[in-house]
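Here is what each chain is made of, one letter per residue.
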2 protein chains.
Amino acid sequence: MATAQKLPRLVNGVRVDDLFNTIDAIKATPSIAKFNFRIKNQWQGASQNRSTVNTFHGAGRELSRKQPFLLEADEPAALLGKDEAANPVEHLLHALAACITTSMVYHAAARGIEIQAVESSFEGDIDLHGFFDLDKSVRKGYQGIRVNFKLKADAPDDKLQEIVELGTGHSPVFDSLTNGVPVSVTAQRM
Amino acid sequence: MATAQKLPRLVNGVRVDDLFNTIDAIKATPSIAKFNFRIKNQWQGASQNRSTVNTFHGAGRELSRKQPFLLEADEPAALLGKDEAANPVEHLLHALAACITTSMVYHAAARGIEIQAVESSFEGDIDLHGFFDLDKSVRKGYQGIRVNFKLKADAPDDKLQEIVELGTGHSPVFDSLTNGVPVSVTAQRM
């Protein structure tokens, strides 16, 4: 049965053996858990700009993609843009949705919980009195974000919330956004 | 000179008259400042998922795009993915970069500050001891994010940091990420 043993055990499409091998490798060499993610952004004029995603540091070494990923940003006409791409606060919702989903799927896989389908909707409120300095009591950012997950999974109804909490409880973006992150900024002449 | 007066005044590519008209409209009808942004996300299996961006509420009405924008997410092989798209924490950096840049460009335009070029780099650290529950003292999210802006602008060196602070000081994503946002999550069966 040597051949069968070599097949990776897939749960939710995740190679669970690789997942546990990664955890074992971190236990053996803690420094490989330190990741550094990066992007470069270039202004394209007015409401448009573009990020390039390529290299990162992780697993103890510098890594890069086969090809860089380009991420675009624009604003709709109601926010003085050309509406050629999602806007920054929509990209933030995507980052949050993607991270909760992947974190949920990975941690469910590690526990042997099979998930067949996941759909989610995210919405958040922003009052432009903040952005335009019209009311100092109104924040610039999201006042609140509401999330709904729909799951198809081999679990009783009362376990569905727990499965989603595997996502929110482990997601780097959920933690970053709900608890805040220190951001330092420098500026120089080009 | 009627024709010349009809031309919008462009600063940094931004129609400054439209910007001030928007502010005046909000002062006249405060409720139009309330925006609601949304995405829908669908899991594609394992490390991959996709968000659809289309409708939003703002300027007192429901609005939608000419066509929906699709945003992809994946993980690199080092994080058990197929590396076909930027990962969620990279999307978060893009949202932050895009928002600071647009906020800076708009608020500089409102003040008549001409900017010729903007490039920025963003990086952040994540220790997977958090994600994998290997050390409860390590957070799941970014431990810190470092940002550098390079500007080409008609301003003395000591004003460059102030111009960038027009961005960080008004950016909805910068505020959301540095100060945190309440996120409520519900789950249901599909």
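Please read all numbers here as calculations on a predicted model, not as lab measurements.

J.: Summarise the pattern of salt bridges; cite the residues concerned and give the values.
T.: On inspection of all chains with the given rule, the structure shows 24 salt bridges over all chains. A salt bridge links Asp127 of chain B to Lys34 of chain A; the nearest nitrogen and oxygen atoms lie 3.6 Å apart. With Asp127 of chain B in strand S8 (residues 115–127) and Lys34 of chain A in strand S3 (residues 34–45), this pair bridges two chains. Arg65 of chain A is paired through a salt bridge with Asp83 of chain B; the nearest N and O atoms lie 3.1 Å apart. Placement of the pair is Arg65 of chain A in the loop between strand S6 (61–63) and strand S7 (69–73) and Asp83 of chain B in the loop between strand S7 (69–73) and helix H3 (88–110), with the two residues belonging to separate chains.

J.: Could you give an account of the relation of the copies chain B and chain A, with specific residues and numbers?
T.: Expressed as a screw transformation, the operator carrying chain B onto chain A has a rotation angle of 180 degrees and an axial translation of 0.0 Å, and the superposed copies differ by an RMSD of 0.0 Å. The relationship between the two copies is best expressed as a two-fold rotation axis. Of the C-alpha atoms belonging to chain B, the one lying closest to the rotation axis is found on Gly180 of chain B, 2.2 Å away. Both copies contact each other with a shared surface, as 100% of the interface residues of chain B are interface residues in chain A too.

J.: Quick rundown of the packing of H3 of chain B against helix H6 (residues 172–179) of chain B? Include the residues and the values.
T.: All names here are of chain B. It is the contact of H3 with H6, at a shortest axis distance of 7 Å, that shows an interaxial angle of 130 degrees. Comparing the axis directions of H3 and H6 gives the class oblique. Contact residues: Leu92, Ala95, Leu96, Cys99, Ile100 and Ser103 in H3; Pro172, Val173, Phe174 and Leu177 in H6. Across the contact of H3 with H6, the residue classes break down as nine nonpolar, one polar and no charged.

J.: Can you tell me about unusual backbone geometry, naming the residues and giving the values?
T.: One non-glycine residue, Leu80 of chain A, adopts positive backbone phi at about 70 degrees. Along the chain, the position of Leu80 of chain A falls in the loop between S7 and helix H3 (88–110). Looking at Leu80 of chain A, the relative accessible area reads 23%, which means it is partly exposed. With a phi close to 50 degrees, Ala46 of chain B is a non-glycine residue in the positive phi region. Position of Ala46 of chain B among the secondary structure elements: in the loop between strand S3 (34–45) and strand S4 (48–53). Judged by relative accessible area, Ala46 of chain B falls into the buried class, the value being 12%.

J.: Let's hear about the environment of Ala25 of chain A: which residues, and what values?
T.: Following the sequence through the fold, Ala25 of chain A ends up in helix H2 (residues 16–28). Measuring from C-alpha to C-alpha, the distance between Ala25 of chain A and Ala59 of chain A comes to 9.2 Å, with 34 residues separating the pair along the chain.

J.: Quick rundown of the interface of chain B and chain A? Include the residues and the values.
T.: Listed per partner, the contact involves 129 residues of chain B and 129 residues of chain A. Summed over both partners, the interface of chain B with chain A comes to about 11700 Å²; 61% of that surface belongs to carbon and sulfur atoms. Considering only the side of chain B, the residues that lose the most area to chain A are Phe37, Trp43 and Met190 of chain B, jointly responsible for 7% of the buried surface there. Counting the contacts that link chain B with chain A gives 82 residue pairs in polar contact (both at pLDDT 80 or more). The leading source of residues in the side of chain B that touches chain A is H3 of chain B, at 18 residues. When the residues that make up the side of chain B that touches chain A are grouped by side-chain class, the tally is 63 nonpolar, 39 polar and 27 charged. Where strand S10 (residues 183–189) of chain A lies against strand S9 (residues 144–153) of chain B, seven bridges are found, and the strand directions are parallel.

Cut-offs and rules
Per-chain numbering applies: the sequence of each chain, read as written, is numbered from 1 onward. By the order in which they are written, chains take letters starting at A while ligands take numbers starting at 1. It should be noted that, the model being predicted, local features are given only for residues of pLDDT at least 70 and side-chain atom pairs only at 80 or more, the latter also being counted only at that level, while totals for whole chains, interfaces and linings use all residues. The basis for the side-chain values is all heavy atoms of the structure; hydrogens and waters are excluded. The term salt bridge refers to a pairing of a side-chain nitrogen on Lys or Arg with a carboxyl oxygen on Asp or Glu at a separation within 4 Å. Numbering goes from the N terminus for both helices and strands, where a helix is a DSSP run of H or I of at least four residues and a strand is a run of E of at least two. Superposition of the copies used a least-squares fit over C-alpha atoms from residues whose pLDDT is at least 70 in both. Here, two residues are considered to be in contact whenever any of their heavy atoms come within 4.5 Å of each other. Lines are fitted to the C-alpha atoms to define the axes, a helix being fitted only along its stretch in contact, and any angle between axes, read from their N-to-C directions, falls within 0 to 180 degrees. Just so you know how the angles are binned, under 35 degrees is roughly parallel, over 145 roughly antiparallel, 65 to 115 roughly perpendicular, and the rest oblique. Note on residue categories: nonpolar means Ala, Val, Leu, Ile, Met, Phe, Trp, Tyr, Cys or Pro, charged means Asp, Glu, Lys or Arg, and polar means any other residue, Gly included. Accessibility here uses a 1.4 Å probe with only protein chains present; expressed as a share of the type maximum, an area under 20% marks a residue as buried, one over 50% as exposed, and anything in between as partly exposed. By definition, the buried area sums, over both parts, the 1.4 Å-probe accessible area that each loses when the two are put together. Polar contacts, as used here, are pairs of N or O atoms within 3.5 Å; protein pairs need one atom able to donate a hydrogen and one able to accept it. Residues neighboring in sequence count only if both atoms are side-chain atoms. Note on pairing: two strands pair once DSSP finds at least 2 bridges between them.

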